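Spelled out from the first residue to the last, the chains are:
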Amino acid sequence: MTVDVPSWAAEAAATLPYPLLFATVSGAHLYGFASVDSDLDLRAAHVLPPDEVVGLRTGPDTLQNAGIRDGVELDVVSHDLLKFARLLNSRNGYVLEQLLSPLVVLTSDVHAELKTLAPGMITRNHAHHYLGFAATQERLYHKTGHLKPALYTLRVLLTGIHLMRTGELETDLGILGQRLAYVPELIAVKREAEHGPLPARAAAHLAADVPALRAELEEARDQSTLPGYADASAVAALHDLVVRTRLAQSSTSMASSSPGAP
């Protein structure tokens, strides 16, 4: 996947008011069909300070910042580590893709440790995420006639099928869609305009392929060798990582506020 991520992406993510554990690129850039005018979706995890976790006034477990930089529409979303860990442990494909995105703009040792735990969090129940996401996008392209949600529909179904069969996450439609001869042309059209119409000649392909892919994903889920629940040792390690990271943040905060601290 060749993706042009702006050099200022890490700086944009770091404008959030809490320390970040990682920031990655999601959205069309990750899915292999970013257009010349695509927005940049940054997804991250942050750590709240101890006084915003244990006190009466708790800090935000989700942060969002939007704007425009160098003509690029920017959307930054970050979850506190605890919320991120809970989502990771709840068949949530969004956070799984954010964590394992190869388009990394900020990283840390905690990010690396989270990625090592990710395989143990993958279950056949992640198929529900991809089936639900696909249904939403299918309704959207039928309603709007736009190409973008049609590509999203194909992408999420193919990602789900691949995940159920291999246990490995692949999000690039350019790779996943090689089995469908018309997909490269649709990606080329999408790269020219973010909100262009779905080519009429593609509608017939989608009418046949989307129901077939949905049925294929359901079958792949039912036949998958993936477990029904996250690995208990991975969940325990995830709990330990959250605790260690929070305590380390607490120690740092106490040291910086102690009398005589630099």
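Residues numbered from 1 in each chain as written. Predicted model: local features only at pLDDT ≥ 70, side-chain atom pairs only at ≥ 80, totals over all residues. Heavy atoms only, no water.

Which parts of the structure should I look at to understand the sheet that holds strand β5 (residues 104-106)?
Consider a sheet: its strands pair through backbone hydrogen bonds, and that pairing is either parallel or antiparallel. Pairing within the open sheet is mixed, and its 5 strands lie in the order β3-β4-β2-β1-β5. Taken across any chain shown, the strands that pair with only one partner, and hence form the sheet edges, are β3 (62-69) and β5. Within the sheet, the average angular offset between the axes of one strand and its neighbour, ignoring direction, is 20°. Examined bridge by bridge, strand β1 (residues 20-26) and strand β2 (residues 40-46) share 6 bridges and lie antiparallel to one another. Pairing of T24 across the sheet is with R43, part of β2. (Pairing = 2+ DSSP bridges. Helix = DSSP H or I, 4+ residues; strand = E, 2+ residues; numbered from the N terminus. Axes fitted to C-alpha atoms, helices over the stretch in contact; angles between N-to-C directions.)

Just to check I follow, could you spell out the nonpolar core for this structure?
Among soluble globular proteins, nonpolar side chains are generally buried collectively. Ranked by size, the top nonpolar core spans 58 residues in total, and within it F33, L114, L154, L173, L206 and L217 carry the most contacts. If you tally residues by element for this core, the top one is helix α7 (residues 147-166), at 11 residues. Not counting residues within four places of it along the chain, the set of residues in contact with L206 comprises Y141, A150, L154, Y182, L198 and P211. Among the nonpolar cores identified, the runner-up in size contains 17 residues, and A13, L42, L74 and V105 belong to it. (Core = buried A, V, L, I, M, F, W, Y, C linked by side-chain atoms within 4.5 Å. Buried < 20%, exposed > 50% of the residue type's maximum accessible area, 1.4 Å probe, protein only. Contact = heavy atoms within 4.5 Å.)

Looking at this structure, how should I read the pairing of β3?
Along a regular strand, successive side chains alternate from one face of the sheet to the other. Summarising the sheet, β3 and strand β4 (residues 72-80) pair through 8 bridges and their orientation is antiparallel. When the sheet's bridge partners are listed, G67 is paired in β4 with L74. Hairpin connection from β3 to β4: 2 residues lie between these consecutive antiparallel strands, with D70 at a positive phi of about 50°.

Help me understand the layout of surface pockets, please; the structure alone is not making it clear to me.
If a probe as big as a water molecule is rolled over the atoms, it shows which places are left empty. Roughly 190 Å³ of volume is contained in the second largest pocket. Together, S26, G27, Y31, D39, D41, R43, Y94, E97, Q98, F133, K148 and Y152 line the second largest pocket. Elements represented by at least two residues in the lining of the second largest pocket include exactly α2 (27-31), β2, α4 (93-100) and α7. Ranked by the residues each element gives to the lining of the second largest pocket, the list is headed by α4, at 3 residues. Of the residues assigned to the lining of the second largest pocket, the class counts are 4 nonpolar, 3 polar and 5 charged. (1 Å grid on protein atoms, 1.4 Å probe; cavity = no way out; pocket = protein on both sides within 12 Å on 5 of 7 lines; lining within 4 Å. Points joined across faces, edges and corners; volume = space filled by probe spheres on them. Nonpolar A, V, L, I, M, F, W, Y, C, P; charged D, E, K, R; others polar.)

Sorry if this is basic, but what is going on with the packing of α7 against helix α9 (residues 183-192) here?
As a packed pair, α7 and α9 sit with axes 10 Å apart at the nearest point and diverge in direction by 140°. Here α7 is positioned oblique relative to α9, judged by the angle of their axes. Considering only the axes of α7 and α9, their crossing is left-handed. Here α7 contributes L147, K148, L151 and L154 to the contact with α9, which in turn contributes V183, L186, V189 and K190. Within the contact of α7 with α9, the residues separate by chemical class into 6 nonpolar, no polar and 2 charged. (Parallel < 35°, antiparallel > 145°, perpendicular 65-115°, else oblique. Left-handed = near helix turned anticlockwise from the far one by under 90°.)

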